[in-house]
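# Breakdown of the fold
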Amino acid sequence: MMKGFLTPLLLTIVGLFPYLAFGSHNYGEALSKSFLFYEAQRSGYLPHGQRVQWRGNSGLNDGKASGVDLVGGYYDAGDNVKFGLPMAFTVTMMSWSIIEYGRQMSESGELGNAMDAVQWGTDYLLKAHPEPDVLYGEVGDGNTDHYCWQRPEDMTTSRAAYRIDPSRPGSDLAGETAAAMAAASIVFRNSNPAYAMELLNHAYQLFEFADKYRGKYDSSITVAQKYYRSVSGYADELLWAAAWLYKASNKQYYLNYLGDNGDALGGTGWSMTEFGWDVKYAGVQTLAAKFLMQGNAGNHAAIFEKYQEKAENFMCACLGKGNQNIHKSPGGLIFRQRWNNMQFVTSASFLATVYSDYLASARKSLKCSSGSVSPSELLEFAKSQVDYILGDNPRATSYMVGYGNNYPRQVHHRGSSIVSVKVDPTFVSCRGGYATWFSRKANDPNLLTGAIVGGPDAYDNFADQRDNYEQTEPATYNNAPLIGVLARLHGGQSEYSQLLQVDIPQPKPDPEQKVTPVPASDIAIEQRETTSWVLKGKTYYRYSVIVTNKSSKTLKNLKLSVSQLYGSLWGLSKYGDSYTFPAWLNSLQAGKSLEFVYIHTDNSPAVVSVSSYTLV
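Residues numbered from 1 in each chain as written. Predicted model: local features only at pLDDT ≥ 70, side-chain atom pairs only at ≥ 80, totals over all residues. Heavy atoms only, no water.

Here we take up the packing of aromatic side chains. The tally for this structure, following the rule as stated, stands at 28 aromatic pairs. Linked through ring pairs, F89, W96, W240, W244, F275 and F350 together constitute an aromatic cluster. Taking NZ or CZ as reference, R42 lies 4.6 Å from the ring centre of W120, over its face. (Phe/Tyr/Trp six-rings, centres within 6.5 Å; stacked < 30°, edge-to-face > 60°. Lys NZ or Arg CZ within 6 Å of the ring centre and 35° of its normal.)

So, in structure tokens, the structure goes:
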């Protein structure tokens, strides 16, 4: 059979039986490889634990000409530019994947790599936000960069830095970056509370900047227009940022913002058939539907029901059971556009996966124009898309580099297509790279393991050629939603309800790292349920907690961690993400106790533990 050519018979068979005898996939392997791709995309000084050895340090003077340190972050795709909008979206979606499926990642040993991937992005985003109303949104220039074909270690192209500020606004860029930092703050809340609070404070500032000084970022950073034009404008990012800030902070202000601005900013009016770095509405609607199902909408319930209706329209469109369905290839793949279509496949698959779990935990079904749809059918759709990516398709091609036996070997990617600087440090010039490496009709010298490339066309055809950038170029935002789906499929159903706040486990410590446990003998914690009642069909439980100083010394500077709490707590003071002595008490004498209480909606008690303390 000719490359990329399908017989009508095969098309018919695959269309009727999309799971035809391809077998199951190793989702855990695919998940592990996804994180290697992020290591290959790193800019800046590579860390000691770098696993992708063919990469070296790069972009070490980024920001210097502007008097700011912009070293680090990610290259977005196969080029050497750092574009802020897709980078921030990548961080948001990686964080959301961890928030929903961090426990599955932990069980497969990948949570540490996932959190490292997020932090490589957030460390850079923090640098890019040196003042409350200043945000650097691009380093490098796509035009000069695309004129050259050089590995990042050899770059001779412009590394100019471009920013937004009150006189040159960019609400979409600032809003997405606020969303990224808010989402990431949830990821680090347990393992690094100080870092989490730093991220959240930056998110607060960026949201205020985005909302106060409104404008499209590509009108201010015009060099981005050819590459990441903000077609949808900034209204969706304002809602998206508000949703994440509410999720991260639980502050009513951000919930009210979603309720008060849902109609004006289009969140309740647009039924979408795509979700990605530019258009966030479907993501906003999915989060708002979750808030509604959690019972958090309050007096905005009517507005949040409209959000949910639009979220469900998106899900039905994915399934082909709505009024405005998403086009699919004969092999069953979502098809949106010729250039990097896979970004829409992974993003839609993620939304379908989480919404399936939300519905299942709420014991609800999806209502489509063609009838009721079970949550499992929505998850099965997401699985079908992932399986297609991993090789269950008419070409039997895996579109994840390094997964399976038949995957792209001529990826449109400067670093992977040029011999490693560690193998041959000879300088590769701007145009010389095109002549020597880009035009080679041979496999890449470096394997870009885990990269999801642009993918096939509307008829499942694919040409593995380096100059076919529409199909063979990878991108960070292709993988970010996929890691959540892979973790979910690999880990199976969780013990917890997706509608409750997930307590993200801490990654397993490095064997060389010494962890000093809190001595259990010094402090005793006893919990008991004191009463329960039913209000409007929901059961509430009241718990009393007694904390006793069992040591012979005075207990001071006590910090308690309270997780899996789905309600309010009284009798302690909040300190960041921890709890401390109430305002009227600064120490606990030997043998003495203090009591606090909480009310929540789970019939299991919250998890109360000691984070730190001193004895004097």
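With the rule as written, the count across this model stands at two disulfides. Here C148 connects covalently by a disulfide to C430, the sulfurs 2.0 Å from one another. Torsion about the S-S bond of the C148 and C430 cystine: about -85°, corresponding to left-handed handedness. Here C148 is found in the loop between helix 5 (142–147) and strand 3 (161–164), whereas its partner C430 is found in the loop between helix 15 (414–417) and helix 16 (432–438), with 282 residues between them in sequence. Residue classification places C148 among the buried residues on the basis of a relative accessible area of 6%. (Disulfide = S-S within 2.5 Å. Helix = DSSP H or I, 4+ residues; strand = E, 2+ residues; numbered from the N terminus. Buried < 20%, exposed > 50% of the residue type's maximum accessible area, 1.4 Å probe, protein only.)

Moving on to the UniProt feature "active site" (unreviewed entry) in the protein. The residues that UniProt annotates with the feature "active site" (unreviewed entry) are H412, D464 and E473. The named residues occupy 62 residues along the chain; their greatest pairwise C-alpha distance, 10.2 Å, places them in one compact cluster. Only 2.7 Å separates the side chain of H412 from the backbone oxygen of R466, close enough to count as a polar contact. Looking at the element boundaries, D464 is found in the loop between helix 16 and helix 17 (469–472). For D464, a relative accessible area of 14% translates into the label buried. (UniProt positions renumbered as here; feature names shortened; annotations may be inferred. Polar contact = N/O pair within 3.5 Å; in protein donor to acceptor, adjacent residues only side chain to side chain.)

A few words on the sheet that holds strand 3. As a general point, the strands of a sheet are linked pairwise by backbone hydrogen bonds and lie either parallel or antiparallel. Strand order in the open sheet formed by three strands is 1-2-3, with antiparallel pairing between adjacent strands. A single partner strand is all that each edge strand has here, and the edge strands are strand 1 (82–83) and strand 3. Pairing geometry for strand 1 and strand 2 (residues 135–139), over two bridges, is antiparallel. If you follow K82 over to strand 2, its bridge partner there is V139. (Pairing = 2+ DSSP bridges.)

Now for helix 12 (residues 301–319). Over its 19 residues, helix 12 runs 27 Å from end to end, which matches the ideal 27 Å to within 8%, given 1.5 Å per residue. Looking one or two residues beyond helix 12, the residue adopting positive phi is G320, at roughly 80°. (Expected span 1.5 Å × (residues − 1).)

We now examine the confidence of the model for the protein. It should be kept in mind that the predicted coordinates are not to be read in detail where pLDDT is low. Per-residue confidence for the protein gives a mean pLDDT of 90; residues scoring 70 or more make up 93%. Every residue in residues 1–23 scores below 50 in pLDDT, and together they form 29 contacts with partners more than four places removed in sequence or on other chains. Contacts for the low-pLDDT stretch residues 512–518, under 50 throughout, to residues beyond four places or in other chains number four contacts. (pLDDT = per-residue confidence, 0-100. Contact = heavy atoms within 4.5 Å.)

A few words on the pattern of salt bridges. Once the charged atoms of two side chains with opposite charge are near each other, the side chains can pair. All chains considered together, the criterion is met by 23 salt bridges. The closest approach of N and O atoms between E274 and R336, which form a salt bridge, is 2.8 Å. Taken together, the residues span a long stretch of sequence, with E274 in the loop between helix 10 (252–261) and helix 11 (281–293) and R336 in the loop between helix 12 and helix 13 (342–362) at a distance of 62 residues. Judged by relative accessible area, which is 16%, E274 ranks as buried. (Salt bridge = Lys/Arg side-chain N within 4 Å of Asp/Glu carboxyl O.)

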